[in-house]
Amino acid sequence: MRTIGLTENARSSGGTQYFSGYNHCLRTDAGEVFDCKNMTMDEYPFLASRSPRGKIAFPGDVKVRDLLVADVAMDEVLYVNAYIVQTETSIEVYDAELNHLIQLAADLEEEQKMVLHGAYLVCFPSTKYYNILDLGGDDNGVFGYTVSAGGASPLEFKPCKSDGEPIATTKPANPATGDLWNDNGTIYSWSASSNSWIPEQDVYTSIRNHEICLKIVGVAEPGDIIDFGNNISLVYWGANVGTNDSVSAVIFKGNLTKSLGGGSVVITATHRVPNFDFVFESNNRIWGCYYGLNEDGEAINEIYASALGDFRNFYKYEGISTDAWTATIGVPGKWTGGCKYGTYPTFFKENAIVRVYGEYPSTYGTYTSNFRGVKPGNGDSLCIVNETLYYNSPAGIVAYTGGLPYNVDSKLHETFETVIAGRYRGKLYLSCTRKDGSTCLLVYDTVKQMWIKEDALNVKRFIATADNLFMITDSDTYTVAGGDEAFEWNFETAMLGLEYADHKYISRVQMRIEGEGEIGVYISYNGDDWEDCVHYVCRGITPIVADIPARRCDYFRLRVEGVGAAKVLTLNYLVESGSDNIET
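Since the structure is predicted, the reported quantities are computational estimates derived from the model, not experimental observations.

## Structural notes on the overall build of the protein
Consideration 1: Assigned secondary structure in the protein consists of 1 helix and 49 strands.
Consideration 2: Reported as C-alpha extents along the three principal axes, the dimensions of the protein are approximately 140 × 60 × 35 Å.
Consideration 3: Taking all 584 residues of the protein together, 49% fall into the buried category.
Consideration 4: Of the contacts made within the protein by residues no fewer than 6 positions apart, 56% connect residues no fewer than 24 positions apart.
Consideration 5: Taken as a whole, the protein presents about 28000 Å² of accessible surface, with 46% of it coming from carbon and sulfur.
Consideration 6: If the 47 positive side-chain charges of the protein are averaged to one point and the 76 negative ones to another, these points end up 5 Å apart.

Pasting the structure below:
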């Protein structure tokens, strides 16, 4: 009698008890998921469904463009954590319970960049400002303006000292260092070191027509451009004001010797405010940058800082520490972003980072690094999380700490056309748009250094506060925390079984899930459609076992989905080896 011996196929198991986030590469480490929806790594080492989002509905079904959360005061009442909301046409203020307090601006023609500067809300490009600690008061207005006034001539424009005093037209016989001499309109300064008269670069001009002086002082601020007609425009420097508000002279920057006689003269005072590509507050100044043509049609590439504590003045130059400041930058190309990072105002081009250092204007300087900058159209991707600055560069999502930027997106396995960023409790939120217009909301845990994907929510603006993150879409305003929504979640593994050379059978899937609700498990063989394996209704910590009908394959993938709160504790599978031939 002859018997035949049967050899049982070798069995092995795989899986994980430690989940480690999203990795959209074809091969992943154990515990990483290839794709997911509405998951979080907050429960690490477990994989969990994210927290329910909240939703804010402002009265009147307001469509929100932007918002700030700040303490405001009105009628001697302080409102903590009030909402300053920019709609499509106005700026409204609501208290923390969403009661409407006041309308600050109406009939806005374009979207405003709202910047908080001390007690003030400052809006660009409209240059409107409001004292938010005195809502409804008189401390508001527009600081970019043009006003006119008239008066009698003649006017005599003559070179002068910075204090308005006339400059001698006769050469001094025994000059001292700093003495000035007006030689037929050319101003010279005595230099004792060279024992000679040298051209003076810092020159001023004054007028002494009392009526016109009063008009200028009444409508203009230092730094304004005063246009007298007759092709005469000068930068207002200051005035000599005596007792009873009398004005003996008005002083301008520049050198002019000219007479205007006969009739009346109309002056126009323009308070200049630069155009800004990006604008923000840093160290009690408003900072901004602009690349393009100015009002005179001249190409400029500049960084600006307002006077210290004075958001109204960007051209106030008095030689003191509170002056405004302007710098021309040599790196070509449009500005793509700007923000305060640490104590440094930091500006970005596509392939350069420009940092401003120094404590006041006479010590300010710029340092340019030809590093990966911000990708054009991604200025809103700049976001600081746990002292590290993140942004979308031409080469992907990078982190910057003052040295070399480095990529943190290798596990995403894709780049994005535009990215808008926000932060919440050590996590970086990215609303990403691809070339084909599709969107996704990604979250990077900067402490665990793990990615996860939530859903396709298309966020237009993030606003971070100490304990929440607001997400503004085209139609709604959400919060990361504080909601009770019901949502679907799922995750998918990458290709499993590739570590075995031959084809194989997957015979069993085992999981432990903590949650409430129905859980579905699906399998895909060799990239085919998903097939239903098993469905369970969870009650607390639930073991899930799915016996899989024998089917030989080269590799397989698993998908788990559910609704509501859930926490995946373990995921394991049992594999039996087969031959290198596949059945059809």
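So, next bit.
## Things to note about the pattern of salt bridges
Consideration 1: Using the criterion set out here, one finds 26 salt bridges in the structure.
Consideration 2: Between Lys427 and Asp42 there is a salt bridge whose closest N-O contact spans 3.0 Å. Residue Lys427 is located in strand β38 (residues 427–433), and its partner Asp42 is located in the loop between β3 (39–40) and β4 (47–49); the two are separated by 385 residues in the primary sequence.
Consideration 3: With a relative accessible area of 8%, Lys427 lands in the buried category.
Consideration 4: Glu111 serves as the salt-bridge partner of Arg461, at 3.0 Å between the closest nitrogen and oxygen. In this pair, Arg461 sits in strand β41 (residues 461–464) while Glu111 sits in the loop between β9 (100–105) and β10 (113–117), placing the two residues 350 residues apart along the sequence.
Consideration 5: Salt bridges sharing partners connect three or more residues here, namely Arg50, Arg53, Glu454, Asp455 and Glu485.

## Description of the environment of Trp335
Consideration 1: Along the chain, Trp335 turns up in the loop between β28 (325–328) and β29 (337–341).
Consideration 2: Trp335 gets classed as buried once you look at its relative accessible area, which sits at 4%.
Consideration 3: Among the polar contacts listed, one links the side chain of Trp335 to the backbone oxygen of Tyr290, at a separation of 3.4 Å.
Consideration 4: Side chain to side chain, Trp335 and Asn301 meet in a polar contact 3.3 Å long.

## Let's talk about the packing of aromatic side chains
Consideration 1: As enumerated under the stated definition, the model contains 30 aromatic pairs in all.
Consideration 2: Through a chain of ring-to-ring contacts, three or more aromatic side chains come together here, namely Tyr120, Phe124, Tyr129, Phe143, Phe276, Tyr304, Phe311 and Phe314.
Consideration 3: For the cation-ring pair, Arg312 lies above Tyr129, with the distance from its terminal atom to the ring centre recorded as 4.6 Å.
Consideration 4: Positioned over the ring face of Tyr344 is Arg355, at 4.3 Å from the centre of the ring.

## Remarks on the sheet that holds strand β43 (residues 477–479)
Consideration 1: One open sheet holds the 4 strands; their spatial order is β5-β43-β42-β41, and the pairing between them is antiparallel. Strand pairing shows two members of the sheet lacking a second neighbour, β5 (54–56) and β41, which therefore form its edges. When strand polarity is set aside, the average angle formed by the axes of neighbouring strands in this sheet is 25°.
Consideration 2: Note: β5 against β43, 3 bridges, orientation antiparallel.

The rules behind these values
Position numbers for residues start from 1 in each chain and track the written sequence from start to end. Whole-chain, interface and lining totals are the exception, using all residues; otherwise, since this is a predicted model, local features are given only for residues with pLDDT of at least 70 and side-chain atom pairs are given and counted only at 80 or more. As a convention, hydrogens and water are excluded, and side-chain values are obtained from all of the structure's heavy atoms. The helix and strand labels rest on DSSP assignments: H or I over at least four residues marks a helix, E over at least two residues marks a strand, and numbering proceeds from the N terminus. Residue burial is assigned from relative accessible area. The probe radius is 1.4 Å, only protein chains are included, and a residue is buried under 20% of its type maximum, exposed over 50%, and partly exposed in between. The contact rule is simple, with two residues in contact once any of their heavy atoms fall within 4.5 Å. For the area figures, the Shrake-Rupley method with a 1.4 Å probe applies, and any residue is considered shielded solely by the protein chains shown. Counted as positive: Lys and Arg. Counted as negative: Asp and Glu, with His and the chain ends omitted from the count. The atom standing in for a charge is NZ when the residue is Lys, CZ when it is Arg, CG when it is Asp and CD when it is Glu. One speaks of a salt bridge when a side-chain nitrogen belonging to Lys or Arg is within 4 Å of a carboxyl oxygen belonging to Asp or Glu. Any pair of N or O atoms that falls within 3.5 Å is considered a polar contact. Within protein, one atom must be able to donate a hydrogen and the other to accept it, and sequence-neighbouring residues count only if both atoms are side-chain atoms. Only centres within 6.5 Å qualify two rings of Phe, Tyr or Trp (six-membered ring in Trp) as a pair; their planes then separate them into stacked at under 30 degrees, edge-to-face at over 60, and tilted for everything else. Here, a charge over a ring means that NZ of Lys or CZ of Arg falls within 6 Å of the ring centre while also lying within 35 degrees of the ring normal. Strand pairing follows a simple DSSP-based rule, namely that at least 2 bridges must link the two strands. What counts as an axis is a line fitted to C-alpha atoms, over the stretch in contact for a helix, and the angles between N-to-C directions run from 0 to 180 degrees.

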